[in-house]
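Examination of the molecular architecture
Residues per chain are reported as follows:
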Amino acid sequence: MPVRRMPKTLAHDRNDRPDRLRRSRGLGRARASLTLLLLATGLFFAPMIGQEPAVAGPRTDAAFVDATNDLRAARGLPRMRVSATLSKLAYHHSVAMAREGRLWHNDISGATDHWVWLGQNVGVGSSVAALQQAFMDSAPHRANILRRKTNLFGVGTYISQGRIWVTVNFEQTTPGWS
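Scoring rules and cut-offs
- Residues numbered from 1 in each chain as written.
- Predicted model: local features only at pLDDT ≥ 70, side-chain atom pairs only at ≥ 80, totals over all residues.
- Heavy atoms only, no water.
- Pairing = 2+ DSSP bridges.
- Helix = DSSP H or I, 4+ residues; strand = E, 2+ residues; numbered from the N terminus.
- Contact = heavy atoms within 4.5 Å.
- Axes fitted to C-alpha atoms, helices over the stretch in contact; angles between N-to-C directions.
- Parallel < 35°, antiparallel > 145°, perpendicular 65-115°, else oblique.
- Nonpolar A, V, L, I, M, F, W, Y, C, P; charged D, E, K, R; others polar.
- Left-handed = near helix turned anticlockwise from the far one by under 90°.
- Phe/Tyr/Trp six-rings, centres within 6.5 Å; stacked < 30°, edge-to-face > 60°.
- Buried < 20%, exposed > 50% of the residue type's maximum accessible area, 1.4 Å probe, protein only.
- Core = buried A, V, L, I, M, F, W, Y, C linked by side-chain atoms within 4.5 Å.

**As for the sheet that holds strand β4 (residues 163–173)**
Taken in spatial order, the four strands line up as β1-β3-β4-β2 in an open sheet, and their pairing is mixed. With partners counted over all chains shown, the strands left at the sheet margins are β1 (81–82) and β2 (115–125), one partner each. By the bridge criterion, 10 bridges tie β2 to β4 in an arrangement that is antiparallel. From the neighbouring strand, L118 faces β4, where its bridge partner is E171. Contacts from helix α4 (residues 128–137) reach β2 and β4 within the one sheet, and its direction differs from that of β2 by about 125°. The sheet strands contacting helix α5 (residues 139–146) are β2 and β4, and the helix crosses β2 at an angle near 125°.

**Some words on the packing of α4 against α5**
Two elements in contact, α4 and α5, have axes separated by 5 Å at closest approach and are oriented at 100°. In this view, α4 runs roughly perpendicular relative to α5, as classed from their interaxial angle. Two secondary-structure elements touch here, α4 through Q132, F135, M136 and D137 and α5 through A139, H141, R142, I145 and L146. In terms of residue class, the contact of α4 with α5 is made up of five nonpolar, two polar and two charged.

**Remarks on the packing of helix α2 (residues 58–74) against α4**
At a closest axis distance of 10 Å, the pairing of α2 and α4 adopts a crossing angle of 40°. Relative to α4, α2 is oriented oblique. In this structure, the crossing between α2 and α4 has a hand that is right-handed. Contacts between α2 and α4 involve T60, A63, F64, A67, T68 and L71 from the former and V128, L131, Q132, F135 and M136 from the latter. Residue classes in the contact of α2 with α4 are distributed as eight nonpolar, three polar and no charged.

**A look at the packing of aromatic side chains**
Across all of its chains, the model carries two aromatic pairs by this definition. Their ring planes at 70° and their centres at 6.1 Å tell us that Y91 and Y158 sit as a pair that is edge-to-face. Separated by 67 residues along the polypeptide, Y91 in helix α3 (residues 84–100) and Y158 in strand β3 (residues 152–160) bring together distant segments of the chain. Measuring from ring centre to ring centre gives 6.3 Å for F153 and F170, while their planes differ by 15°; the resulting arrangement is stacked. Of this pair, F153 sits in strand β3 while F170 sits in strand β4, and the two are 17 residues apart along the sequence. There is no split in this pair, since F153 and F170 are both buried.

**What about the nonpolar core?**
In this structure, F64, F135, F153, V155, V166, V168 and F170 are the most contacted members of the largest nonpolar core, which totals 15 residues. Listed by contribution, the elements that provide at least two residues to this core are α2, α4, β3 and β4. Apart from the residues within four sequence positions on either side, F135 is in contact with F64, N121, V122, G123, H141, R142, I145, V166 and V168.

Below, the structure is given as C-alpha cells:
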C-alpha cells in the first residue's frame, strides 16, 4: 500500500503517519530528552562556568597606587597622580585580558592628549604584593615604575577565578600641562 503524504501543517492521527514520521517521533523524544538534559546540566554548571568574575574594585586599585608611589618615594622620586582616563583604560584592558585568559599590551596613545611618553605594565597573579614584586624583578617594568619624569598613571584591576589581572598605564605629560 502506498504511503500517503499529508501536508505538514495539518494535524493527523497516529495511524495516518507514514513510517518515516513514526521513526522521527521517537527521534523527537530523544531530542527533547537531550535538550532537557543539556538544560539541566547548564543550570547546574552555570554558577561555576558562566558566572561573571568579580570585579577587584577600588581597594585593589588603591593598593597598587599606594605600592607604586611608595616604591617611588623610597627612591626619592616624586609621587605620580592618578588619572581617571588612564585608570578607565587600564580597567577595560584588564577585563579583556581576563576574558581571553592571556596577557598582552594595548596601544593607548590615541586615548590621551598632551603626552610625551607612555608606558604600560600588565600582569596576572595572586596578590598585589606578588604582582608588584614581579614588576620590580623585571627591568622594563621596573623602569616604567621608576621613570623620573612620569607624572600620571592609572591602574585597573579585575579578579577572575581568584587571580588578579592588572594593567598599569603610565604617562609623562607635555611640560606645562598637568
